[in-house]
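Okay, here's what each chain looks like letter by letter:
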Amino acid sequence: MTFSATFSYLEGEHLNDVVWALECFRDNFLKCDALPRVIVTNRDLTLMNVVKTVFPKSTNLLCRFHINKNMEAKM
């Protein structure tokens, strides 16, 4: 089953902003003693790198919508 677990509105897309948002997200999961096994993102390299750091055991997949959108733009 796939669902959205959170949305974050940040002041900017700086590394510190993204780290803060994902650490807050992770801390909510720690309260129920379960971390996500898969995280789906767009191809934002900063976000992808922070996911590797904050959720080292999770798999990061690219969003199918964003893959299709990129393919349409290139073809």
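Residues numbered from 1 in each chain as written. Predicted model: local features only at pLDDT ≥ 70, side-chain atom pairs only at ≥ 80, totals over all residues. Heavy atoms only, no water.

Caption draft 1: Looking closely at the overall build of the protein. A count of helices and strands for the protein gives three helices and two strands. Oriented by its inertia axes, the alpha-carbon framework of the protein measures out at about 45 × 30 × 20 Å. Of the roughly 6600 Å² that the protein leaves accessible, carbon and sulfur atoms contribute 55%. Within the protein, one finds 9 positive and 8 negative side-chain charges whose respective centroids are separated by 10 Å. (Helix = DSSP H or I, 4+ residues; strand = E, 2+ residues; numbered from the N terminus. Areas by Shrake-Rupley, 256 points an atom, 1.4 Å probe, with all protein chains shown as cover. Lys, Arg positive; Asp, Glu negative; His and termini not counted. Charge placed at Lys NZ, Arg CZ, Asp CG, Glu CD.)

Caption draft 2: Examining the pairing of strand E1 (residues 38–41) more closely. Only one face of E1 is buried, namely the one carrying Ile39 and Thr41, since none of Val38 and Val40 on the opposite face is buried. Where E1 lies against strand E2 (residues 59–62), four bridges are found, and the strand directions are parallel. Bridge pairing in E2 places Val38 opposite Thr59. (Buried < 20%, exposed > 50% of the residue type's maximum accessible area, 1.4 Å probe, protein only. Pairing = 2+ DSSP bridges.)

Caption draft 3: Representation of the nonpolar core within the structure. Within the largest apolar cluster, eight residues are counted, these being Val18, Leu22, Phe25, Ile39, Val50, Val51, Val54 and Phe55. Mapped by element, the contributors of at least two residues to this core are helix H1 (15–31) and helix H2 (45–54). In this view, Val50 contacts Leu15, Val18, Val19, Leu22 and Phe55; residues no more than four positions away in its chain are not counted. (Core = buried A, V, L, I, M, F, W, Y, C linked by side-chain atoms within 4.5 Å. Contact = heavy atoms within 4.5 Å.)

Caption draft 4: Focus on H1. Compared with the 24 Å implied by 1.5 Å per residue over 17 residues, the 25 Å span of H1 between its first and last C-alpha is a close match. Buried within H1 we find Val18, Ala21, Leu22 and Phe25. Angular distribution of buried residues about the axis of H1 spans 90°; they occupy a single face of the element. Opposite the packed face of H1, turned more than 90 degrees from it, sit the exposed residues Leu15, Asn16, Trp20 and Lys31. (Expected span 1.5 Å × (residues − 1). Arc of directions from axis to C-beta.)

Caption draft 5: Local environment of the pattern of salt bridges. In total, this model carries one salt bridge according to the counting rule given. Across the pair Arg26 and Asp27 runs a salt bridge whose closest N-O atoms are separated by 3.6 Å. (Salt bridge = Lys/Arg side-chain N within 4 Å of Asp/Glu carboxyl O.)

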